[in-house]
Every structure is written in structure tokens, then in C-alpha cells.
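# Residue-level structure breakdown
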Amino acid sequence: MLAAQQISHRYQTAQGPLAALDQISLTIEQGQFVCLVGPSGSGKSTLLRILAGLLKPTQGYVWLDGDPISAPDSRISVIPQQSNLMPWRTVLANVALPLEVQRVPGGERDQRAQALIELVGLAGFEASRPAELSGGMAQRVAIARSLIMEPSLLLMDEPFGPLDALTREQLGEELLRIWQTQQSAILMVTHSISEAVLLADRVLVLSQRPGRIVAQFDVDLPRPRSLDSAYSARGGELAAAIRASLQSSLSPTN
């Protein structure tokens, strides 16, 4: 469904060109969940911006369902690290915002927003403002908002990063439930190896800058999964292999 070929990117800085990505090629199939792990500064967020059509790569191409991606596309939704909700709007109004921009009639807009609010477990909070929500609840609103345009692909940039460990685990399980219901493809950046093992069909390992894919792992844990899956014997083996690959990518020889 998504194909990226030979993506490289360089930023122009006061000190000269800075190579962020180097010759990255990847594919994501319809309904697949892929996690991307790598050290800080390896270009993970840059890659997501390129795949979303928000940044033109220095080299390479991106296609979605055979169409070139060079600008934002309604088939692709992005969930950033921060929920970025509008503080003056209610939960319902925040979720419905993309449909409002598209001039969808109010009745249909609210009906679709309500269905997604229920899907992410926030029924009863429709009239709440972001300041009245916990961090985990705010991220649920952001997920609902990203799904309302029924995207083919969700790009998630450390969406649970600011949360405490327990809330992060709970939202990971919730994300699995939502994904199994919606079946959008997902590419998610995470620093948590156990989170990647819990969620993904496939884990891609990015090297230190300039980022390049140095390994990929098929996660063969059966679905549906729970937190126990990530901490099973096989989950531990996969986590150890991913961790070793990350450590190897940080060595001076790479």
C-alpha cells in the first residue's frame, strides 16, 4: 500500500549540510502494523514527515496505492507526540474538526465523531475541554480525531512518549483494540522495544544519523495480544534481538 524508495534527506544548517536519512526503502501493506525504533536523532520524525507529504526528501520517492506523495493527503493521518487539541473546543468538537474543515454537514459530523469517541472509550466526556482531561485521555481524543477521515495509513510519532509507564501500557492495549476494529495500516515511532513487540507485525531498526534501516524483525506472536504477549518467552527473545541490533547500530564501525 505504501512504498518508499531510496529516501535520503539533508538539512541545510549554518555549519553546512546535515545528513538526516540515507537511502531508506520500505513498504507497508494494507492493515499492517509496523513499528520504527532507533536512537535519538536518527531521523525517525523526519522520515514520518516525508511519508506524510509534509517534507520533500532530498532524494527518493513515496507512493500510496500507486500515487506519488509529495503533499499532505487525506488518506494519511499523523498523530504527533503531543495531542495538539484546541483548548477552547470540546472533545466532540476537537474530534469533528477535520470534517468541519471539509464542510461535512453538522449532523453527520457529530454522528461520526460520537462513534469514534465511543470507540476510544471516552463516552460521557463529549462536552469536556482538554484541560479537564488526563494525558492519556487527550491522546485518545487525538487518535479519534485522526481516524475520523477514515485514513488508509496512520503515522504515529511517539504518541505515548509523554505518558507514565502504566498509562502507556494501557493505551498500547487500547490502540491494538482500535486498530483491530479500524484496520488502517500504522507506522509508529517508539523508543520502547517492549511496546514495539506488543503492537507490531514488523519492527524496523534505524541506525544513528544519518538514519538507515539496518534490520527488520517479523513479530510472530499470535493475535489477539495482551501485555502478557510482550513478556512471554518469545516476546523476550524478540526484544533481546531488537535491542542487540540497536546496540550494534551505535557502534563506531557502523
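An account of the accompanying structure is given in this report. (Residues numbered from 1 in each chain as written. Predicted model: local features only at pLDDT ≥ 70, side-chain atom pairs only at ≥ 80, totals over all residues. Heavy atoms only, no water.)

## Looking at the overall build of the protein chain
Under the convention used in this document: Only DSSP runs of H or I with at least four residues qualify as helices, and only runs of E with at least two residues qualify as strands; both kinds are numbered from the N terminus onward. In this treatment the radius of gyration is a C-alpha quantity, and the globule benchmark scales as 2.2 Å times the residue count to the 0.38 power. Each residue is assigned to one of three classes by its accessible area relative to the maximum for its type, calculated with a 1.4 Å probe on protein chains only: buried under 20%, partly exposed between the two thresholds, exposed over 50%.
Within the protein chain one finds eight helices and 10 strands. In terms of overall size, the protein chain behaves like a compact globule, its C-alpha atoms giving a radius of gyration of 18 Å where 254 residues would be expected to give roughly 18 Å. Over its C-alpha atoms, taken along the principal directions, the protein chain stretches across nearly 60 × 45 × 35 Å. Put simply, the protein chain has 254 residues, and 50% of those count as buried.

## Some words on the environment of glutamine 5
Quick note on the threshold: Contacts are residue-level and defined by heavy atoms, with any inter-residue pair within 4.5 Å sufficient.
Relative to the assigned elements, glutamine 5 resides in strand 1 (residues 2-13). With a relative accessible area of 41%, glutamine 5 lands in the partly exposed category. Those residues in contact with glutamine 5 that lie beyond four places of it in its chain are Ile24, Ser25, Gly60, Tyr61 and Trp63.

## So, the sheet that holds strand 6 (residues 76-79)
Note on sheets: strands pair through backbone hydrogen bonds, and any given pair is parallel or antiparallel. Spelled out, the test is: Following DSSP output, two strands are said to pair if at least two bridges run between them. Axes, fitted as lines to C-alpha atoms, cover a helix only where it is in contact. Angles between the N-to-C directions of the axes lie from 0 to 180 degrees.
One open sheet holds the six strands; their spatial order is 6-7-8-3-9-10, and the pairing between them is mixed. Single-partner strands in this sheet number two, and they are strand 6 and strand 10 (213-218). Across the sheet, the axes of successive neighbouring strands diverge by a mean angle of 15 degrees, strand direction being ignored. By the bridge criterion, four bridges tie strand 3 (residues 33-37) to strand 9 (residues 202-206) in an arrangement that is parallel. For valine 34, the partnering residue across the bridge sits in strand 9 and is arginine 202. Against the sheet, helix 1 (residues 44-51) makes contact with strand 3, strand 6, strand 7 (153-157), strand 8 (185-189) and strand 9, and its axis sits at roughly 155 degrees relative to strand 7, the strand it touches most. Along the sheet face, helix 5 (residues 165-182) touches strand 3, strand 7 and strand 8 and points at about 155 degrees away from the line of strand 8.

## Here's the deal with empty space enclosed by the protein
Here is the rule: Put plainly, a pocket is an open set of points on a 1 Å grid over the protein atoms alone with protein on both sides within 12 Å along at least five of seven lines, a cavity is a set where a 1.4 Å probe fits but cannot get out, and a lining residue has an atom within 4 Å of a point. Grid points are joined across faces, edges and corners, and a volume is the space filled by probe spheres set on the points. Residue classes follow a fixed rule: Ala, Val, Leu, Ile, Met, Phe, Trp, Tyr, Cys and Pro count as nonpolar, while Asp, Glu, Lys and Arg count as charged, and any other residue, Gly among them, counts as polar.
The tally for this structure, following the rule as stated, stands at one cavity of 30 Å³ or more. Computed from the structure, the largest cavity encloses a volume of approximately 30 Å³. Residue lining of the largest cavity: Ile143, Leu147, Leu154, Leu175, Ile178, Trp179, Gln182, Ser184 and Ile186, and that is the complete set. Broken down by secondary-structure element, the contributors of at least two residues to the lining of the largest cavity are helix 4 (135-147) and helix 5. Ranked by residue count, the leading element in the lining of the largest cavity is helix 5, at four residues. Class assignment for the residues of the lining of the largest cavity results in seven nonpolar, two polar and no charged.

## Things to note about the pairing of strand 8
What counts is decided by this rule: With the strands aimed away from the viewer, a crossover counts as right-handed if its path from the first strand over the helix to the second runs clockwise.
Buried residues dominate strand 8, accounting for five of its five residues. The alternating pattern of strand 8 places Ala185, Leu187 and Val189 on one face and Ile186 and Met188 on the opposite face, and all of these are buried. Across four bridges, strand 3 lies against strand 8 in parallel orientation. The residue of strand 8 that forms the bridge with phenylalanine 33 is isoleucine 186. Note: strand 7 against strand 8, five bridges, orientation parallel. Bridged to leucine 153 within strand 8 is alanine 185. Following the chain from strand 7 across helix 5 to the adjacent parallel strand 8, one finds a crossover that is right-handed.

## Details of unusual backbone geometry
At the junction of arginine 209 and proline 210, the peptide bond is cis and its omega measures out at -5 degrees in the coordinates. Within the secondary structure, proline 210 is located in the loop between strand 9 and strand 10. Following arginine 223, the chain continues to proline 224 via a peptide bond in cis, the omega torsion being 0 degrees. With respect to the helices, strands and loops of the structure, proline 224 is situated in the loop between strand 10 and helix 7 (227-230). At asparagine 84, a residue that is not glycine, the phi angle is positive and equals roughly 55 degrees.

## Describing the sheet that holds strand 2 (residues 16-28)
With respect to topology, four strands assemble into an open sheet ordered 2-1-4-5, the strand pairing being antiparallel. Because the sheet does not close on itself, it has two edges, and the strands there are strand 2 and strand 5 (67-68). Judged from the two bridges that link them, strand 4 (residues 59-64) and strand 5 form a sheet pairing that is antiparallel. When the sheet's bridge partners are listed, tryptophan 63 is paired in strand 5 with proline 68. Packed onto the sheet, helix 1 meets strand 1, strand 2 and strand 4 and runs at close to 120 degrees relative to strand 1.

## Quick notes on the layout of surface pockets
Approximately 410 Å³ is the volume attributed to the largest pocket. Ile76, Ser77, Val78, Pro98 and Met149 are, among the 17 residues lining the largest pocket, the residues nearest its centre. Secondary-structure elements contributing two or more residues to the lining of the largest pocket are strand 6, helix 2 (91-101) and helix 4. For the lining of the largest pocket, the element with the highest residue contribution is strand 6, accounting for four residues.

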